[in-house]
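# Structure assessment
This is what each chain is made of:
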Amino acid sequence: MALRLTDPVYGESFVGMIKENLVFLREFLLEFKTTGACFPTSRWAAQALIAPLRETNRKPKNILELGPGTGSVTMPMLREMRDGDTLTICEINPRFMKLLRDRLGQNEDFRRHRDRVTFFEGPAQEIPLGVRYDMIVCALPFVNFDLNTVQEIFQRLREVSSAETLMTYYEYIGMRTFNGALAPADRAERIREVNDYLKRSGSINYLARERVWLNLLPVNIYTVNPTAKPTAA
Ligand SMILES: C[S@@+](CC[C@H](N)C(=O)[O-])C[C@H]1O[C@@H](n2cnc3c(N)ncnc32)[C@H](O)[C@@H]1O
């Protein structure tokens, strides 16, 4: 779908968008480690993250969104959702969760699906077991986490996924090279450990990759299957 800069964004005003950006920036300053970005994902990147939902003649899906922030991916996702789809929204930051709930309260697409949407305020590594998700849209800033946290998150994702689950996530283009070359030694070492683990866990053996240049920083959007088992170090 072609999107233009002048398109209204999910019925919200320009002032609403400015407010959203300011809230995001404030959280970036207050909660750098978990927020991980200074502005929300662009609508072009959001469309790439939810591509599996646009499949024609698909069956209803159980969808999990990790780290919705202010809802820049949640809104387009709700628009693409069909009858029978369910959505679980997991967010660790209570201020983001409150803002998101307030925004969704005024959103037509949310009202249409409200009975099939649940909220989990807490860390992704503690998502309740019991549901197998068909699709996971993940916006967690892995590069800011320690190895143990990343391992716990992937362990839980394996437990709530099946061999058919598709997970999309993004990574800033060039960020690995940048961190490897310019980050302070302890941060570079931590990122190297996390990247090694992700490589071994199969999660970056991606099934598809799409480059999106229209984002504050251009991103690669990866589609992976989170059930891939880690190989030995
Ligand atoms: C990079 S922001 C992405 C926000 C939004 N999805 C977007 O693309 O604009 C990362 C989000 O993940 C959330 N987050 C970070 N760690 C988390 C965790 N362990 N469990 C759940 N949410 C987490 C943050 O609070 C934030 O909302």
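Residues numbered from 1 in each chain as written. Predicted model: local features only at pLDDT ≥ 70, side-chain atom pairs only at ≥ 80, totals over all residues. Heavy atoms only, no water.

## Let's talk about the overall build of the chain
For the chain, the helix and strand inventory stands at 9 helices and 7 strands. By the compact-globule yardstick of 17 Å for 233 residues, the chain fits well, its C-alpha radius of gyration being 17 Å. Within the chain, the fraction of its 233 residues that count as buried is 49%. Counting only contacts in the chain whose residues sit at least 6 apart along the sequence, the fraction spanning at least 24 positions is 76%. (Helix = DSSP H or I, 4+ residues; strand = E, 2+ residues; numbered from the N terminus. Rg over C-alpha atoms; globule rule 2.2 N^0.38 Å. Buried < 20%, exposed > 50% of the residue type's maximum accessible area, 1.4 Å probe, protein only. Contact = heavy atoms within 4.5 Å.)

## Section: the pattern of salt bridges
As enumerated under the stated definition, the model contains 12 salt bridges in all. With a shortest N-O distance of 2.7 Å, R95 and E27 are connected by a salt bridge. Residue R95 is located in helix α5 (residues 94–105), and its partner E27 is located in helix α1 (residues 14–30); the two are separated by 68 residues in the primary sequence. The buried category is assigned to E27, whose relative accessible area is 0%. The closest approach of N and O atoms between R79 and D109, which form a salt bridge, is 3.2 Å. Within this pair, whereas R79 is found in helix α4 (residues 74–80), its partner D109 is found in helix α6 (residues 108–113), the two being separated by 30 residues in sequence. Among the residues examined, R79 registers a relative accessible area of 45% and is labelled partly exposed. One salt-bridge network, held together by shared partners, links R26, E27, E31 and R95. (Salt bridge = Lys/Arg side-chain N within 4 Å of Asp/Glu carboxyl O.)

## Here we look at the pairing of strand β4 (residues 133–138)
Burial analysis of β4 places 5 of its 6 residues in the buried class, the great majority of the element. Across 4 bridges, strand β1 (residues 62–66) lies against β4 in parallel orientation. Across the sheet, the residue bridging to E65 is V137, located in β4. Where β4 meets strand β5 (residues 161–172), 5 bridges bridge the pair, whose relative direction is parallel. In the sheet register, Y133 faces β5, and the bridge partner there is S161. (Pairing = 2+ DSSP bridges.)

## Examining the site of the ligand
Among the 25 residues in the neighbourhood of the ligand, the closest are listed as T41, G67, S72, E91 and A124. S72 is positioned with one of its side-chain polar atoms (N or O) 2.8 Å from an oxygen atom of the ligand. In the model, an oxygen atom of the ligand is placed 2.5 Å from a nitrogen or oxygen of the E91 side chain. Burial of the ligand by the surrounding chains reaches 98%, relative to a free accessible area of 600 Å². Broken down by secondary-structure element, the contributors of at least two residues to the shell around the ligand are α2 (32–35) and β2 (86–91). Considering only residue class, the shell around the ligand consists of 15 nonpolar, 9 polar and 1 charged. (Near = heavy atom within 4 Å. Polar contact = N/O pair within 3.5 Å; in protein donor to acceptor, adjacent residues only side chain to side chain. Areas by Shrake-Rupley, 256 points an atom, 1.4 Å probe, with all protein chains shown as cover. Nonpolar A, V, L, I, M, F, W, Y, C, P; charged D, E, K, R; others polar.)

## Topic: the environment of E210
By the element assignment, E210 lies in strand β6 (residues 208–212). Residues E210 and N225 lie 15 residues apart in sequence; the distance between their C-alpha atoms is 16 Å.

## Looking at the packing of aromatic side chains
Counted by the stated rule, this structure contains 9 aromatic pairs. Ring-pair connections join several aromatic residues into one group, and the members of that group are F142, F145, F154, Y169, Y197 and Y222. (Phe/Tyr/Trp six-rings, centres within 6.5 Å; stacked < 30°, edge-to-face > 60°.)

## So, the packing of α1 against α5
Packing of α1 against α5 brings their axes to within 11 Å, and their N-to-C directions diverge by 165°. By the angle class used here, α1 and α5 are roughly antiparallel. For the element pair α1 and α5, the recorded crossing hand is left-handed. On the side of α1, the interface is formed by E20, V23, F24, R26, E27 and L30, while α5 contributes R95, F96, L99 and R103. Looking at the contact of α1 with α5, its residues break down into 5 nonpolar, no polar and 5 charged. (Axes fitted to C-alpha atoms, helices over the stretch in contact; angles between N-to-C directions. Parallel < 35°, antiparallel > 145°, perpendicular 65-115°, else oblique. Left-handed = near helix turned anticlockwise from the far one by under 90°.)

## Some points on unusual backbone geometry
Phi angles above zero are rare outside glycine, and N57 is one such case at about 50°. Take N57: it is sitting in the loop between α3 (43–49) and β1. The class for N57 is exposed, based on a relative accessible area of 78%.

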